[in-house]
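Overview (structure and organization)
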Amino acid sequence: MAEIKTEEMVLNMGPHHPSTHGVLRFILKTDGEIVHECLPDVGYLHRSIEKIGELMTFQGFVPYTDRVDYVASMNSNLAYCTAVEKLAGIEVPRRAEFLRILVCELNRISSHLIAVGALAMDVGAVTPFPYALRERERINDLLEEVCGARLTYNYIWIGGVSFDATPGWLDKILHFVETFENIIPEFNRLISGNKIFVERLRDVAIVPREMAIDYSLSGPNLRASGVDWDLRRDEPYSIYPELEFDVPLGHGECGTVGDSYDRFIVRVREMEQSCRILRQCIAKFPHDQPDFRAKVKTVKPPPGEVFVRTEAPRGEQGYYLISDGTAKASRVRIRTGSFTAMAIIEEIAVGCMIADVIAIIASLDVVAPEIDR
Amino acid sequence: MTPEEIHSLLAETFPDDVLAWDPSAKDPFVVIRPDGTPGVMRFLKEDPRTAFDFLDNLSGVDLGERLCVVYHLFSFAHRHRFVVKVEARRDDPRVPTAALIWRGARWFEREAYDLIGIQFVGHPDLRRIMLPDDWEGHPLRKDYVYPTHYAGIDNRREYD
């Protein structure tokens, strides 16, 4: 068949677009429905958090880390505080470690609920999203009870946490876990096996193992490509060495390893594992140790530098801190999972349909403030 | 391999390029000559003993007299980590790119160029990433002066 010459069209997607998960812009060069070139344009949410980190004291910067990834602020808090504690050599009370992991895993579930719910909605299945949000509301209630906030928590402080658990809070988490473990199969019946949904995601934007590593992908996106790596298990911090959980990997069960469906299903499975972690944290909770915050005055770490990486819901969140011995950091560098996930879209979107670009963005679970910082 | 072993391997293979070594740091690091970057990085990635296939993080740092690029490397095969630093002159901050070795470096380097102003020689697409294309200066430098105008608009506020 003779090749039909068609005109290349430049399509501007975003910055305000319902499927771009924040303020993101893509410049697509398309031939009909096929994408020839996809240029992500980021920076709309750039607030120069790294510069703010140099101007604030170590403690004063904690609330700003909430805004690095506001869908999972607890995990951002934890990453920063762990880095400062390692730099300054601060010991965290055991009760605080448990409270930290409890809120972080709750936040991981709520973040993954947004990810899988929004992915379903972006590819056309609107119903699962309210179901996901309904569960997320219950987590928000739990987190509100312990720290007073529903989105930017500022709960984890250097040396511990800001408040102790309220009476009965652990029982409420247990009750949530018990019901939520039944919600996941319900969610799977609703969408995960749905033929139309699977067809929209399987074999779309395959990221092979080597490519994922080459692009510095991390977290669920990396595991979906079959790389067996989870910082909670392989470079453990806090109390993770005492906890038992599996690391779900992408197997290509509906298509090829590393396709968009694998990135979806890995997140669903991670929620199950987070429930397991929550149960163990509640069972092992040190009721007899009342300390939940170390006595920390102005933090002045000795001159030096440290790079600490933690497993946040969107992949590796690492803080590279340089201290010159004063109460302010001389450099705060934040490495986030969304940033590297965004970089790969430039390559994997080529040759896809325009509608697939939306599935790619949602399956990589990028959050714009975490890219731009 | 431990950082010490990786350092001695590098010092053996690239005696001219390894400038300094700090084993006392929390994450021990090696400082290499800017011109030696491509060779050292390719060796670190491709040699089976080191096999650093994962560029974990790339940061630009303003050290005052010099600008510095910090590479945090990780290997999935051996599960070891290593830190490499490259220092460039402030008046001519050129560092060879690592984007041809790890594709993940492309965006990391664009960010370091945008915010610190390091010129990555040989980078395929070195544009600003966070800030608008017409932005002046590099905000994460220590001597950055906050602008009073953007695109002709005064952003100062007057308080009475």
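Analysis parameters
Residues numbered from 1 in each chain as written. Chains lettered and ligands numbered in written order. Predicted model: local features only at pLDDT ≥ 70, side-chain atom pairs only at ≥ 80, totals over all residues. Helix = DSSP H or I, 4+ residues; strand = E, 2+ residues; numbered from the N terminus. Rg over C-alpha atoms; globule rule 2.2 N^0.38 Å. Buried ≥ 20, exposed ≤ 12 C-beta atoms within 10 Å, placed from the backbone. Contact = placed C-beta atoms within 7 Å. Axes fitted to C-alpha atoms, helices over the stretch in contact; angles between N-to-C directions. Parallel < 35°, antiparallel > 145°, perpendicular 65-115°, else oblique. Nonpolar A, V, L, I, M, F, W, Y, C, P; charged D, E, K, R; others polar. Pairing = 2+ DSSP bridges. Core = buried A, V, L, I, M, F, W, Y, C linked by C-beta atoms within 7 Å.

**Considerations on the overall build of chain A**
Looking only at helices and strands, chain A features 14 helices and eight strands. Compactness check: chain A gives a C-alpha radius of gyration of 21 Å against a globular reference of 21 Å for 373 residues, within 12% of the reference. Principal-axis analysis of the C-alpha atoms gives chain A an extent of 75 × 45 × 35 Å. Here chain A holds 373 residues, and 51% of them are scored as buried. Contacts in chain A between residues at least 24 apart in sequence constitute 72% of all its contacts with a sequence separation of at least 6.

**Looking at the interface of chain B and chain A**
At the interface, 23 residues of chain B touch 27 residues of chain A. The set of elements that each furnish at least two residues to the side of chain B that touches chain A consists of β3 (54-62), β4 (66-74) and α3 (105-115) of chain B. Here the side of chain B that touches chain A takes six residues from β3 of chain B, the largest share from any one element.

**Focus on helix α13 (residues 354-364) of chain A**
All names here are of chain A. Within α13, nine of the 11 residues are buried, which leaves it mostly tucked inside the rest of the structure. Along α13, the residues that are buried comprise D356, V357, I358, A359, I360, I361, A362, S363 and L364. Once α13 finishes, D365 follows within two positions and takes phi at roughly 55 degrees, a positive value.

**Some words on the environment of E235 of chain A**
Position of E235 of chain A relative to the elements: it lies in the loop between α10 (231-234) and α11 (260-283). On the basis of neighbour count, E235 of chain A is assigned to the partly exposed category, with 17 C-beta atoms found within 10 Å.

**Quick notes on the packing of helix α4 (residues 94-122) of chain A against α13 of chain A**
Residue and element names in this part refer to chain A. For the pair α4 and α13, interaxial distance at closest approach is 9 Å and the crossing angle is 175 degrees. Taken as axis vectors, α4 and α13 run roughly antiparallel relative to one another. Mapping the contact onto sequence places A118, L119 and D122 in α4 and I358, A359, A362 and S363 in α13. Tallied by class, residues from the contact of α4 with α13 come to five nonpolar, one polar and one charged.

**Some points on the sheet that holds strand β2 (residues 25-31) of chain A**
All names here are of chain A. Spatially, β1-β2-β3 is the arrangement adopted by the three strands of the open sheet, whose pairing is antiparallel. Looking at the sheet topology across the chains shown, the edges are occupied by β1 (9-13) and β3 (34-41). Sheet twist, expressed as the average angle between the axes of neighbouring strands with direction ignored, equals 20 degrees. Sheet analysis places β2 next to β3, joined by seven bridges and oriented antiparallel. Directly across from F26, in β3, lies its bridge partner P40. In this fold α13 packs onto β2 and β3, with an angle of close to 150 degrees to the strand it touches most, β2.

**Some words on the pairing of strand β5 (residues 81-89) of chain B**
All names here are of chain B. Judged from the four bridges that link them, strand β2 (residues 29-32) and β5 form a sheet pairing that is parallel. Bridged to F29 within β5 is V83. Direction of pairing for β4 relative to β5: antiparallel, over a ladder of nine bridges. Within β5, the position partnered with R66 by the bridge is R89. In sequence, β4 turns back onto β5 through a hairpin of six residues, with R79 there showing a positive phi of about 55 degrees.

**Concerning the environment of I129 of chain B**
With respect to the helices and strands, the residue I129 of chain B is situated in the loop between β7 (119-121) and β8 (149-150). Setting aside residues up to four positions removed in sequence, I129 of chain B forms contacts with V42 and G43 of chain A together with W107, R110, E111 and D114 of chain B.

**Notes on the nonpolar core**
The biggest cluster of nonpolar side chains holds 152 residues, and the ones touching the most others in it are L321 and I360 of chain A. Considering every element that reaches this core, the biggest residue donor is α4 of chain A, with 16 residues.

**Section: the sheet that holds strand β8 (residues 329-335) of chain A**
Strands pair in a sheet through their backbones, by hydrogen bonds, and they do so in one of two ways: parallel or antiparallel. Residue and element names in this part refer to chain A. An order of β6-β7-β8 is seen for the three strands of this open sheet, with the pairing classed as antiparallel. Edge strands, defined here as strands with exactly one partner in the open sheet, are β6 (304-312) and β8. Between one strand and the next, the sheet's axes are offset by a mean angle of 15 degrees, whatever the strand orientation. In this sheet, strand β7 (residues 315-323) lies alongside β6 in antiparallel orientation, the contact comprising nine bridges. Bridged to V308 within β7 is Y319. Strands in contact with helix α3 (residues 73-88) are β6 and β7; relative to β6, the strand with the most contacts, it is inclined by about 150 degrees.

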